[in-house]
Amino acid sequence: MEFFLEVLIGGLLAGVMYALVAIGFVLIYKASGVFNFAQGAMVLFSALTFVSLLERGVPFWLAFVISLAAMVLLALAVERVVLRPLVNRSPITLFMATLGLSYVIEGGAQALWGAQVHGLELGISDEPLELGGMLLSQFDIFAAVTAALLVLALSLLFNKTRIGLSLRAVADDPLAALAMGIRLQRVWVLVWAVAGFVGLVAGLLWGARLGVQFSLSLVVLKALPVLIIGGFTSISGAIVGGLIVGASEKLAEVYLGPVIGGGIENWFPYVLALLFLLVRPAGLFGDRAIERV
Amino acid sequence: MAQTQATKVEHLLELENIGLSFKGVKAVTDISFAVAAGEICALIGPNGAGKSSLLNVINGVYQAQQGRIRFAGEGRRRMSPHDAAVRGIARTFQNIALFKGMSVLDNVLTGRTLKRRSSWIEQALRIGRAAGEDDRQREAAERIIDFLHIQPWRDTLVGKLPYGLQKRVELARALAAEPRLLLLDEPMAGMNAEEKQQMSRFIVDINRELGTTVVLIEHDIGVVMGICDHVVVLDYGRKIGDGPPEEVRQNPEVIAAYLGTRH
């Protein structure tokens, strides 16, 4: 039983890391109905900027602020160069644009900072901590607390302010939102900047774990099942989806692994997502499409 | 009614020689007319006459290449939709442009975006100016919902409502901004006689009770003649008639445009 709990909690904590990446997608999806393929590239770009500054002797917090500023600049550039010219186009057009954008950002990041692998030390040891007889990763707990704070701040911003309402309005009908006096460009820049901030936090935590390198942009692939399970439009969905993916893949690895062969951790979330698609296509917390027939 | 007054009429909106073309295709050419404060003005004309384009010029969605617009005494060459909204121009759309995933109440609340004064930090923490503001916004939204008799559906997602009601919700959202000028693009399109009558009554109520100036596009001539003080007729992007309904109805050019004969 204790072993089960240890695996479960370890899985849940790992799931928080997936959720962090997924939240970045949710933000942009909520504001433009677009799956932002470039989110992974943004994670890589921000982490690479941060670690490169750190290696050049810039103090930790200054490096963090500069990386954040870089993400805001990126958001401004994306709005000006990609979103504004493509306003009112179909979501698939915008999706293709973000696909291209991801290559530009990845290429730009590596042209700027080089392609070698960087180690990142956040000052939190990854030694297991004993809590009530269970061994838990100190780093995972730190990540979970960070994620919780982030989600709290985001939900205040999007549920309690008019920005939240504007965001949904812009996603539903940009033209009508415009006529309402909502400043489309500002909302877009804000959302992309916040998604960049979330990407930075995710990039630092993932980077500390895996090393800051090109493959960091592939964490996107882990966010996909999270989004399908939780729903593309809900931040709480991203959290719950992340927890489900994290817990189930670890439990499956430990308990199903010996039966059907190891290494199922890598594909199990996708099977789970597939099942969700069959039963609940909008995810647990996603907005269901309304159709009048 | 405005035309009959002896004193000089106060114009809320004046269009001077407006010209708009899309890559060489002329949508409207050299259009001038004025809308008096407090009147209901109709823009009529056959399909493709440039009515919606003109409405889009007035609220800044399109920028006219020629001419000027004066609104509330202030002349502008170009204006963004945000400027238009700030200065008190609200509108509805020909194809309903509601936020379908939101409730009726939330849709109406988006109309009040510009009426909020508190910053987002205050709103997030519910301090300072934000403290009582939520309730006030809510009250204002509820008043409009009452005014247009859509209380029973206030918490319903608008995507689930029937067409006629959606049109009314869109009107409520525009009204929530407390506009000085309300632009209605075919508010009665696709409605049956009873719904049209109801909508006409709401438009007249808005005009009389709230003092809102209205510019509307409508194809139903009966409705136009019934509720409007002033009619502007467009055909092929040009103005062919302008005046009180009785006068416009006698205009041979207007009759020709509507019957499809040419002199």
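Since the structure is predicted, the reported quantities are computational estimates derived from the model, not experimental observations. (Residues numbered from 1 in each chain as written. Chains lettered and ligands numbered in written order. Predicted model: local features only at pLDDT ≥ 70, side-chain atom pairs only at ≥ 80, totals over all residues.)

Thoughts on the overall build of chain B
On a plain count of helices and strands, chain B comes out with 10 helices and 10 strands. Its C-alpha radius of gyration of 19 Å places chain B within 12% of the 18 Å reference for a compact globule of 263 residues. Residues classed as buried in chain B amount to 43% of the 263 residues present. Restricting the contact set of chain B to residue pairs at least 6 apart, pairs at least 24 apart contribute 66%. (Helix = DSSP H or I, 4+ residues; strand = E, 2+ residues; numbered from the N terminus. Rg over C-alpha atoms; globule rule 2.2 N^0.38 Å. Buried ≥ 20, exposed ≤ 12 C-beta atoms within 10 Å, placed from the backbone. Contact = placed C-beta atoms within 7 Å.)

So, the interface of chain B and chain A
Facing the 27 residues of chain B at the interface are 23 residues of chain A. For the side of chain B that touches chain A, the elements supplying multiple residues, two or more each, are helix H2 (81-86), helix H3 (104-110) and helix H4 (120-125) of chain B. Per-element accounting of the side of chain B that touches chain A gives the leading share, four residues, to H2 of chain B. Taken together, the residues of the side of chain B that touches chain A sort by class into 13 nonpolar, eight polar and six charged. (Nonpolar A, V, L, I, M, F, W, Y, C, P; charged D, E, K, R; others polar.)

Examining helix H1 (residues 51-58) of chain B
Turn by turn, an α-helix covers 3.6 residues, leaving residues three or four places apart pointing in a common direction. Residue and element names in this part refer to chain B. Extensive coverage of H1 is indicated by the burial of seven of its eight residues. Among the residues of H1, those classed as buried are Lys51, Ser53, Leu54, Leu55, Asn56, Val57 and Ile58. Following H1 by one or two positions, Gly60 adopts a phi angle in the positive range, close to 85 degrees.

Side note on the pairing of strand S7 (residues 181-185) of chain B
All names here are of chain B. Across the five residues of S7, five count as buried, placing the element largely inside the fold. Residues Leu181, Leu183 and Asp185 of S7 are buried on one face, and the alternating residues Leu182 and Leu184, pointing to the opposite face, are buried as well. Where strand S6 (residues 89-91) and S7 come together, three bridges link them in parallel fashion. Bridge pairing links Ile89 to Leu181 in S7. Where S7 lies against strand S8 (residues 213-217), five bridges are found, and the strand directions are parallel. Bridge pairing links Leu184 to Leu216 in S8. (Pairing = 2+ DSSP bridges.)

Overview of the environment of Gly15 of chain A
All names here are of chain A. Looking at where Gly15 falls in the secondary structure, it is placed in helix H1 (residues 2-32). The class for Gly15 is buried, based on 29 C-beta atoms found within 10 Å. Considered as a pair, Gly15 and Gln39 are 24 residues apart in the sequence and their alpha carbons are 18 Å apart. For Gly15, the contacting residues outside a window of four places in its chain are Gly242, Leu243, Ile244, Val245, Gly246 and Ala247.

As for the packing of helix H9 (residues 220-230) of chain A against helix H10 (residues 235-260) of chain A
All names here are of chain A. In contact at an axis separation of 8 Å, H9 and H10 are set at 120 degrees when each is read in the N-to-C sense. Classified by the angle between their axes, H9 and H10 sit oblique to one another. Regarding H9 and H10, the two cross each other, and that crossing is right-handed. Here Pro225, Val226, Leu227, Ile229 and Gly230 of H9 lie close against H10, whose contacting residues are Gly237, Ala238, Val240, Gly241, Gly242, Ile244 and Val245. By residue class, the composition of the contact of H9 with H10 is eight nonpolar, four polar and no charged. (Axes fitted to C-alpha atoms, helices over the stretch in contact; angles between N-to-C directions. Parallel < 35°, antiparallel > 145°, perpendicular 65-115°, else oblique. Left-handed = near helix turned anticlockwise from the far one by under 90°.)

So far we have only geometry, and geometry alone does not tell us how the molecule works.
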